[in-house]
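Residues per chain are reported as follows:
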Amino acid sequence: MRRATVIAVVLALSAALAAPAPAGAAGPTGNTTLTVTAAKARTLGKRGIALAGVRGADTVGRQTRLQIGGGEIEAGEAALTTQGALRFLAGKGRSRRAVRLSSLVVQLGQTSTLSGKLGGDKRRVLFDLRAPAGGLLIDPAEGTAQLHRARLAWRRGTLRTLRRKLGAQVPGGILATMRVGAATVFDRTPQPGPLSDEPPRLARPASAVDVTSASLTWHVRDSWIRYANTETAPETLEGASAGAPIAESSHPCPDRPASTDPTLVYSYSFPFAEGWYDGASGEAALYGLGGVRFKYLGHGIDLTTRNPEIEINGSASRAIFRLRGEGALAYPDKRAAILSLALTSAPAEGPAGTFTLGAPIRGSLTNDGQAVFAGFYPPPNNGFGCFSVSFTTG
């Protein structure tokens with residue numbers, strides 16, 4: 001048996017953090033990684049006590065990994081079950097004793113604990129989890145639970161029982177630190193809704209002038225990108241280009257950032273086709289080419305968004321894409337206004353003939369956009385990234 005030296009429990013987040021809403025869902029999943037404070041590890045070694053995972057829990061060096069087997073995540077609390085067990089060993093030869101901590105459950109809420117069975121006894125609380133301020137984050141809408149930098153402290157009665165059963169002086173107090181992250185796994189494909197009729201193009205005023213070039217970049221919702229990358233990275237089509245991979249903390253308009261700060265491609269740029277701008281009204285219509293294909297075939301998702309149309313029209317500003325889908329998202333080749341754009345000011349000119357919209361324009365899913373993504377992103381959680389836009393007139 002390998003000796004573990006840390007007991008910090010880490011439940012890794014599943015990439016299903018932002019799966020489209022299914023008709024039903026399985027319980028949370030992930031894994032736990034146990035690792036001991038340096039001081040307690042030294043004490044365990046000096047006292048001839050070893051700790052490792054058994055019954056499916058793997059120990060390599062100082063780490064023990066257990067899988068999350070299910071549970072529930074609700075408003076303000078979560079209960080997460082694990083697979084495998086922890087085993088304490090002490091003594092040698094005939095005097096050698098082993099005691100298991102099994103059926104482990106992490107309970108998160110106003111009072112957070114790690115409970116289980118000690119040596120086959122009835123279930124009891126084994127540890128208290130003492131989290132710092134702001135260290136517990138539970139989001140039932142996203143199906144996630146996170147606990148950061150909590151201290152794992154023995155319950156006195158449990159520690160006494162373990163010492164008696166093991167015949168060894170297991171060190172008390174804070175045994176470890178603990179991080180928890182769990183995500184609900186959706187086990188059914190999304191159920192998208194129908195789309196409205198294709199929207200008309202924005203009417204061009206007589207005073208408008210042609211746009212000769214434009215830069216159109218879509219910074220896609222961070223949690224959707226994490227979800228899509230679970231199976232395969234989004235694919236660019238027909239001249240569209242992917243931006244450089246960046247840490248999620250550098251996303252220009254994060255919606256649901258993850259504590260793990262993954263480095264992924266979040267931004268996609270589209271070639272410019274045509275457009276116009278009207279200085280009198282501040283209105284503009286910019287038409288792009290190319291597309292981005294999002295696939296998660298394991299969940300029935302195969303969606304292509306192509307030929308973006310950015311309409312700058314005050315509070316009615318929007319982004320229209322031509323959609324094409326397969327599987328559960330089997331949309332025909334059809335235009336749909338899937339994003340409303342929160343325009344904060346009219347395009348600003350400088351230098352002459354070049355116009356920008358300052359900070360990226362935040363987008364939120366319209367009714368059609370919510371239908372495409374199966375209603376999983378209702379207001380106020382319907383943000384879906386932002387657009388960086390600039391253009392030049394003749």
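Each value, and the rule that gives it
- Residues numbered from 1 in each chain as written.
- Predicted model: local features only at pLDDT ≥ 70, side-chain atom pairs only at ≥ 80, totals over all residues.
- Heavy atoms only, no water.
- Helix = DSSP H or I, 4+ residues; strand = E, 2+ residues; numbered from the N terminus.
- Buried < 20%, exposed > 50% of the residue type's maximum accessible area, 1.4 Å probe, protein only.
- Contact = heavy atoms within 4.5 Å.
- Areas by Shrake-Rupley, 256 points an atom, 1.4 Å probe, with all protein chains shown as cover.
- Phe/Tyr/Trp six-rings, centres within 6.5 Å; stacked < 30°, edge-to-face > 60°.
- Disulfide = S-S within 2.5 Å.
- Pairing = 2+ DSSP bridges.
- Arc of directions from axis to C-beta.
- Salt bridge = Lys/Arg side-chain N within 4 Å of Asp/Glu carboxyl O.
- Polar contact = N/O pair within 3.5 Å; in protein donor to acceptor, adjacent residues only side chain to side chain.

Peer 1: Can you help me understand the overall build of the protein chain in this one?
Peer 2: The helix and strand inventory of the protein chain stands at four helices and 30 strands. The buried share of the protein chain, taken over its 394 residues, is 51%. Long-range contacts, defined here as pairs at least 24 residues apart, represent 66% of the contacts in the protein chain between residues at least 6 apart. Counting every atom, the protein chain has about 16,900 Å² of accessible surface; 48% of that belongs to carbon and sulfur.

Peer 1: Quick question: what am I supposed to make of the packing of aromatic side chains here?
Peer 2: Describing an aromatic ring pair means giving the distance of the ring centres and the angle of the ring planes. Enumeration over the complete set of coordinates arrives at 19 aromatic pairs. Considering the side-chain rings of Tyr227 and Tyr296, the 4.7 Å spacing of their centres and the 40° angle between planes classify their relative orientation as tilted. With Tyr227 in helix H3 (residues 222–228) and Tyr296 in strand E23 (residues 291–296), this pair connects stretches of sequence that are 69 residues apart. For Tyr296, a relative accessible area of 11% gives the class buried. Pairing Phe270 with Phe321 gives two aromatic rings, centres 6.3 Å apart and planes at 65°, and the pair type is edge-to-face. Here the residue Phe270 occupies a position in strand E20 (residues 267–270), and Phe321 occupies one in strand E25 (residues 318–327), the gap between them amounting to 51 residues. The same class applies to Phe270 and to Phe321, which are both buried.

Peer 1: Sorry if this is basic, but what is going on with the state of the cysteines here?
Peer 2: Applying the stated criterion to the full structure yields one disulfide. Shown here is the disulfide that connects Cys253 with Cys386, its sulfur atoms set 2.1 Å apart. Disulfide Cys253-Cys386: the torsion about the S-S bond is -90°, which places it as left-handed. Taken together, the residues span a long stretch of sequence, with Cys253 in the loop between strand E18 (246–247) and strand E19 (263–264) and Cys386 in strand E30 (residues 383–393) at a distance of 133 residues. Here the two residues Cys253 and Cys386 agree in accessibility, since each one is buried.

Peer 1: Can you help me understand the pairing of E20 in this one?
Peer 2: Where a strand is regular, its side chains alternate between the two sheet faces. Bridging between strand E15 (residues 209–220) and E20 involves four bridges; their strand directions are antiparallel. Following the sheet pairing, His219 is matched in E20 by Ser267. Note: strand E17 (residues 241–242) against E20, two bridges, orientation antiparallel. For Ser241, the partnering residue across the bridge sits in E20 and is Ser269.

Peer 1: In this structure, what is going on with helix H1 (residues 38–46)? I would like to understand it.
Peer 2: One full turn of an α-helix is made of 3.6 residues, so residues set three or four places apart face in the same direction. Of all the residues in H1, the buried ones are Lys40, Ala41 and Leu44. An end-on view of H1 places all buried positions within 105° of arc, on one side of the element. The outward face of H1, more than 90 degrees from its buried face, is lined by the exposed residues Arg42 and Lys46. Those residues of H1 that are buried lie in contact with strand E4 (49–54) and strand E14 (174–184). Once H1 ends, the next one or two residues include Gly48, with phi positive near 70°.

Peer 1: I tried to follow the pairing of E14 on my own but got confused; where do I start?
Peer 2: With eight of 11 residues buried, E14 is to be regarded as a mostly interior element. Direction of pairing for strand E2 (residues 28–29) relative to E14: antiparallel, over a ladder of two bridges. If you follow Pro28 over to E14, its bridge partner there is Thr184. Judged from the eight bridges that link them, strand E13 (residues 144–154) and E14 form a sheet pairing that is antiparallel. Bridging across to E14, Ala150 finds its partner in Met178.

Peer 1: For this particular structure, what's the right way to read the side chain of Arg335?
Peer 2: Note that Arg335 resides in strand E26 (residues 334–342). Given the relative accessible area of 10%, Arg335 is considered buried. Once residues within four sequence positions are removed from consideration, Arg335 is found in contact with Glu198, Pro199, Pro200, Arg201, Glu309, Ile320, Phe321 and Arg322.

Peer 1: Just checking my understanding: could you explain the environment of Ala284 for this structure?
Peer 2: Checked against the element boundaries, Ala284 lands in strand E22 (residues 283–288). A C-alpha to C-alpha distance of 9.7 Å links Ala284 and Ala203, two positions 81 residues apart in sequence. Look past the residues within four positions of Ala284 in its chain and what remains in contact with it is Leu202, Trp276, Tyr277, Ile310, Glu311, Ile312 and Phe391.

Peer 1: What is the right way to look at the pattern of salt bridges in this model?
Peer 2: Oppositely charged side chains are able to pair whenever their charged atoms sit close together. If you walk through the whole model with that rule in mind, you get 15 salt bridges. Arg293 is the partner of Glu235 in a salt bridge, and the nearest nitrogen-oxygen pair spans 3.9 Å. With Glu235 in strand E16 (residues 235–237) and Arg293 in strand E23, the pair connects residues that are 58 residues apart, well separated along the chain. According to the relative accessible area criterion, Glu235 is partly exposed, its value standing at 33%. The partner of Arg293 in a salt bridge is Asp302, and the shortest N-O contact between them spans 2.8 Å. The structure contains a network of salt bridges with shared partners spanning Glu238, Arg306, Arg322 and Asp333.

Peer 1: Just to check I follow, could you spell out the environment of Thr177 for this structure?
Peer 2: Note that Thr177 resides in strand E14. Separated by 141 residues in the primary sequence, Thr177 and Val36 place their C-alpha atoms 7.8 Å from one another.

Peer 1: Would you take a moment to explain the environment of Ser112 for this structure?
Peer 2: Among the secondary structure elements, Ser112 is positioned in strand E10 (residues 112–118). Considering only alpha carbons, one finds Ser112 and Ala150, 38 residues apart in sequence, at a separation of 9.4 Å. The residues contacting Ser112, other than those within four sequence positions of it, are Gln107, Asp128, Leu129 and Leu136. Of the polar contacts made by the side chain of Ser112, one reaches the backbone nitrogen of Gly109; its length is 3.3 Å.

Don't take any of this as a statement about function, it's just geometry.
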